[in-house]
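# Overview (structure and organization)
Spelled out from the first residue to the last, the chains are:
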Amino acid sequence: MTTPLAMRTFHFKIYRYDPDKDAKPYMQDISVVCDPMDKKLLDAMVKLKAKDDSLSFRRSCREGVCGSDAMNINGKNGLACLTDLAAFPEGKPIVLRPLPGLPVVRDLIVDMTQFFKQYLSIKPYLVNDDNLPERERLQSPEDREELNGLYECIMCACCTTACPSFWWNPDKFVGPAGLLAAYRFIADTRDQATNERLDNLEDPYRLFRCHTIMNCVDVCPKGLNPTKAIGKIKEMLVQRAV
Amino acid sequence: MSRLVVGAHYGVKDWLAQRITAVLMAIYTLVIFAAVLAGATSSHDAWRGFMAHGVVRFVTFLFIISLGYHAWVGVRDIWMDYIKPTSIRILLHVLTLLVLIGYAGWAIQIIWRL
């Protein structure tokens, strides 16, 4: 006979809002019983969804690669699929809210249009007017090294929606995710549009709204450091100006 | 027509100036702190004599200018974050500048009168 698995009940307070039905958002109290096989917050949420199928949230890969299940967990942005269930203290409800600063579509699903607009504004692709090489554009291992900590971003928007500067000026400030991506192309030796990219960012709003608050670094589920990348862009702008 | 425009192509000089003025003010604060510890303010006459010294006047002047510039960039940033209508923002920018320039002039007048 197998030993019974230790079950644990998790209590949740979840932000609910269905614009077709609800006059305004409310917090729903709901609990779910999990077994030791449920490792991550997302596992519990999938069980919650089975219990109350009106609950809406985005999810896809369930292993921190797609960036779909970003949400505000107990006041801090993170990915449900990378958040350990065991780490939640007993007796306290887990409070789930949508990412702050973006319009809510429904429940935990936010409209990320503004976020992607800012991302696209930095031209997130390689600009190189040379003739196409036969195979690929090569880089030295040292030059390639520079891209580490930049290319890994999964665009989950945890950082940008944790940034007060983005909350105040989402239409003008590029935000940490966009600026990290901007530096990813500025730092790429195969890219030829460095000056244009710096021109595009030399602006009191687009780049200089960053006041090094570092919420972005605090919440990044991939452990990246947008503040450092922003600092490097500022450094390059200074180098160019003096 | 409402069209969002960004791309003023400035910011790096102010950002740099804010950092440089911060360093200058930090050094000045340490120097004054050391002077106070060394007894430069033991009496009113000592304090007065210290502030009237040529070098102290020179660095205090730089401190006041740094403070003004630093405060200008910082306060302007606050207006840019929270005040959306352009007309009110310009008014606040101008008022801030006038107040800071007035304060700087006044402070310099006080220092150089010693």
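Preceding block: the structure.
Heads up: these notes are all about the structure in this document. Just so it is clear, the model here is predicted, and its values are computed rather than measured. (Residues numbered from 1 in each chain as written. Chains lettered and ligands numbered in written order. Predicted model: local features only at pLDDT ≥ 70, side-chain atom pairs only at ≥ 80, totals over all residues. Heavy atoms only, no water.)

## Considering the overall build of chain A
From N to C terminus, chain A includes eight helices and seven strands. Principal axes of the C-alpha set define a box for chain A whose edges measure 65 × 50 × 30 Å. In chain A, buried positions account for 47% of the 242 residues. In chain A, once contacts between residues fewer than 6 apart in sequence are set aside, the share between residues at least 24 apart is 65%. Carbon and sulfur atoms provide 52% of the accessible area of chain A, an area that totals close to 12500 Å². (Helix = DSSP H or I, 4+ residues; strand = E, 2+ residues; numbered from the N terminus. Buried < 20%, exposed > 50% of the residue type's maximum accessible area, 1.4 Å probe, protein only. Contact = heavy atoms within 4.5 Å. Areas by Shrake-Rupley, 256 points an atom, 1.4 Å probe, with all protein chains shown as cover.)

## Some points on unusual backbone geometry
Trans is the prevailing form of peptide bonds, just as negative phi is the prevailing case for residues other than glycine. Residue and element names in this part refer to chain A. Its identity is not glycine, yet R62 carries a phi of approximately 55 degrees, on the positive side. Relative to the elements of secondary structure, R62 occurs in the loop between α1 (41-51) and β3 (70-73). Positive phi is not limited to glycine here, since A157 has a value of about 75 degrees.

## A short note on the packing of aromatic side chains
We describe a pair of aromatic rings using the distance from one ring centre to the other and the angle between the two ring planes. Inspection of every chain in the model, using the stated rule, returns six aromatic pairs over all chains. Centre to centre, the rings of F61 of chain B and W112 of chain B are 5.5 Å apart; their planes meet at 25 degrees, and the pair counts as stacked. Placement of F61 of chain B in helix α3 (residues 54-82) and of W112 of chain B in helix α4 (residues 86-113) is noted, with a sequence separation of 51 residues between them. Clustering of aromatic rings is evident, with ring pairs tying together W167 and W168 of chain A together with Y82 of chain B. The ring of Y205 of chain A carries K172 of chain A above its face, with NZ or CZ at 4.3 Å from the centroid. In this structure, R184 of chain A packs its charged tip against the face of F185 of chain A, placed 4.4 Å from the ring centre. (Phe/Tyr/Trp six-rings, centres within 6.5 Å; stacked < 30°, edge-to-face > 60°. Lys NZ or Arg CZ within 6 Å of the ring centre and 35° of its normal.)

## Description of the interface of chain B and chain A
Contact residues are listed per partner, giving 16 residues for chain B and 19 residues for chain A. For the pair chain B and chain A, the two sides together bury roughly 1700 Å², of which 60% comes from carbon and sulfur. The interface formed by chain B and chain A contains two salt bridges. The salt bridge involving R209 of chain A is made with D81 of chain B; its shortest N-O contact spans 2.9 Å. Counting across the interface, chain B meets chain A through twelve residue pairs in polar contact (both at pLDDT 80 or more). At the level of secondary structure, the elements contributing two or more residues to the side of chain B that touches chain A comprise α1 (12-37) and α3 of chain B. In terms of residue count, the dominant contributor to the side of chain B that touches chain A is α3 of chain B (four residues). Looking at the side of chain B that touches chain A, its residues break down into nine nonpolar, three polar and four charged. (Buried area = accessible area lost by both parts, 1.4 Å probe. Salt bridge = Lys/Arg side-chain N within 4 Å of Asp/Glu carboxyl O. Polar contact = N/O pair within 3.5 Å; in protein donor to acceptor, adjacent residues only side chain to side chain. Nonpolar A, V, L, I, M, F, W, Y, C, P; charged D, E, K, R; others polar.)

## Digging into the sheet that holds β3 of chain A
Backbone-to-backbone hydrogen bonds join strands into a sheet, with any given pair of strands oriented parallel or antiparallel. All names here are of chain A. With mixed pairing, five strands are arranged side by side in an open sheet as β2-β1-β5-β3-β4. Where the open sheet ends on each side, the last strands, each with one partner, are β2 (26-34) and β4 (76-79). The mean inter-strand angle of the sheet, taken between neighbouring strand axes irrespective of direction, is 35 degrees. Where strand β1 (residues 8-16) and β2 come together, nine bridges link them in antiparallel fashion. Bridge pairing in β2 links T9 to V33. Strands β1, β2, β3 and β5 (94-97) of the sheet are contacted by α1, whose axis makes an angle of about 105 degrees with β2. (Pairing = 2+ DSSP bridges. Axes fitted to C-alpha atoms, helices over the stretch in contact; angles between N-to-C directions.)

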